[in-house]
Amino acid sequence: MSEDTNKRELNLTDQMQIRLEKLEEYERRNLNPFDEVRYEVTSDSATIHENFEAMEGKSVALAGRLMSRRGMGKASFADLRDRSGTIQLFVRINNLGEAAYNEWQSLDIGDWIGLRGEVMRTQRGEVSVRVSEYTLLAKALRPLPEKHHGLRDVDTRYRQRYLDLIANPETLDTFRKRSLLIAGIRRFLDERGFLEVETPILNLIPGGAAARPFITHHNALDIDLYLRISPELYLKQLIIGGMDKVYEIGRQFRNEGMSVRHNPEFTMLELYEAFADYHDIMLLTEEMINAQAVALCGGDQVKWQGSEIDLSIPFRRLSMNEAIEEATGIDFNQIETYEEARSLAEERELHVEPHWMRGDIINLFFETYVEENLIQPTFIYDYPIEISPLTKRKPGQSDVAERFELFINGQEIANAYSELNDPRDQRKRFEAQLKKRALGDEEAGFMDEDYCLALEYGLPPTGGLGVGIDRLTMLLTDSDSIRDVLLFPTMKPRFDATAGVE
RNA sequence: GAUCCGUUAGCUCAGUCGGUAGAGCACUUGACUUUUAAUCAAGGGGUCCUGGGUUCGAAUCCCAGACGGGUCACCA
């Protein structure tokens, strides 16, 4: 036994000490609960509640966690939590026998048990199971959080999510909804002929977005690799390869600040459809989001942090220039040069980065004066070409990209465009990104020769879409922090002198 | 990164002006054969986040740090 273990034993609380002694007593009698390997379950709490009339008097076998106990001497009650909900257990010395009943008294809240018994209703009308035999399946050595107030400590809720799930039913509900959302999106896309694919997370060149990447290292190849910031360039290569409609739901990694809306790893849906443009993708996007809201929230009117969000189709549509003009009175169609744009920004004391161009300043105006006010779902379309290096130019307007983003609650939820497919133009755009990088923009893109090569074989006209799944989950679960929709959000290490001793 | 707030029993939280560390739930012991926040009686349990400082005396005041949360900056 290591010193570490001894130290931890000295730190045992009284409650843990008592539970440990009970466990050791089981072991002495060759009844170690951790030797149990399976338990045959024939029903669950929800089934019994829903079908009580038919099941009354029938024998059932259940398994779950003991959540509370009410002892009455020679009879007692307990609540069992299983996969489907909670059911009351009624235990009497007459049914169990004296020895087994005394042993039952030594069970602790948090223990896992399997049991057989008869479905019944108590005098007070509570649907219950009269236990005739039971087996301890696992001992909980630590007590659970308090039953009325649940677990409030945010730090503990994030670091020990299992406690949050046990103690706070609304947390379980949020993650159930997240799971259903992702399943619903898959079904929606599969029904429309999309193929789900997987592309590399370890990238030689981090492409498809403007973001700082994580760097890692492959030992055998002795090369640095980047964790992907977007699957875009791979997915478009699959369109080139003839997979007309593809999507990927996966984790992306961006080495940037953390906030109530940003986690270093987050989940994105990206899809690409050949022979479609951004107008088609707009229709698909609103239909997909509307369908998920109806499925998860029972309708297209959704409450989020006190405001009513109207997700009925169609969503509002506004060009970026219209949106800026509406908010500021400035029509950037009339502002043709970088110098004019910059002086407009300076008049308003907005900070302009040295590597910025006219389009970056238009984007700055949008982000400063428009973005946070887009509470109801709004498609903002037609973006400056300089901040859209992978997007097709709008015919007849060489400085405008066929791109839209969807905003809800002032947050970007989706980003989409008609994909740039001219390999000559793409190469120029990459070169422009390299210039930005040289001027100090750490988020600017790299030249991707493999992608340029692929484009030279011909990418058909294609529409592409990215959707932030975490943010969409926040919207549909009324969560105000991304950490509340991530089972295990990124956290700093907790200081612990006994950790990492090995 | 800047700034504000928080950290006290297993959990949820009080803690006044700087003067012996508190409650509810949970736990232990006893009573109780239909309770459901069961009840009744008695009891045990503390690195007051960490390290310094001031003071006769610090959970409390001061400084530094850790972790968490909010806001701003960056970003999706």
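Residues numbered from 1 in each chain as written. Chains lettered and ligands numbered in written order. Predicted model: local features only at pLDDT ≥ 70, side-chain atom pairs only at ≥ 80, totals over all residues. Heavy atoms only, no water.

Caption draft 1: Structural detail: the overall build of chain A. Scanning chain A from terminus to terminus reveals 17 helices and 19 strands. With the principal axes as the frame, chain A shows a C-alpha extent of 90 × 55 × 50 Å. By residue count, 48% of the 502 residues in chain A fall in the buried class. Put simply, 64% of the contacts in chain A that link residues at least 6 apart link residues at least 24 apart. For chain A, the computed accessible surface area is about 25,500 Å², with 49% contributed by carbon and sulfur atoms. Positive and negative charge centroids in chain A, built from 60 and 88 side chains respectively, lie 6 Å apart. (Helix = DSSP H or I, 4+ residues; strand = E, 2+ residues; numbered from the N terminus. Buried < 20%, exposed > 50% of the residue type's maximum accessible area, 1.4 Å probe, protein only. Contact = heavy atoms within 4.5 Å. Areas by Shrake-Rupley, 256 points an atom, 1.4 Å probe, with all protein chains shown as cover. Lys, Arg positive; Asp, Glu negative; His and termini not counted. Charge placed at Lys NZ, Arg CZ, Asp CG, Glu CD.)

Caption draft 2: Spatial organisation of helix α12 (residues 320-328). Along α12, the residues that are buried comprise M320, N321, A323 and I324. Each buried residue of α12 lies within a common arc of 160° when the element is viewed along its axis, so the set occupies one face. Along its buried surface, α12 packs onto β14 (316-319), α14 (358-369) and β15 (378-384). Phi turns positive one or two residues past the end of α12, at G329, with a value near 80°. (Arc of directions from axis to C-beta.)

Caption draft 3: Main features of the nonpolar core. Formed by 37 residues in total, the largest nonpolar core has its most connected members in L269 and L311. Among the elements that line this core, the one with the most residues is helix α11 (residues 278-297), at 8 residues. Discounting chain neighbours no more than four positions away, the residues touching L269 are I185, L189, Y247, E248, I249, M288, L465, G466, V467 and I469. (Core = buried A, V, L, I, M, F, W, Y, C linked by side-chain atoms within 4.5 Å.)

Caption draft 4: How the structure looks around a negative patch on the surface. A surface patch of negative charge is lined by E21, E24, E27, D35 and E36. Here D35 is to be found in the loop between α2 (14-28) and α3 (45-50). Here D35 falls in the exposed class, since its relative accessible area comes to 55%. (Patch = residues over 30% accessible without salt bridge, like charges linked within 9 Å, V, L, I, M, F, W, Y side chains within 5 Å. Salt bridge = Lys/Arg side-chain N within 4 Å of Asp/Glu carboxyl O.)

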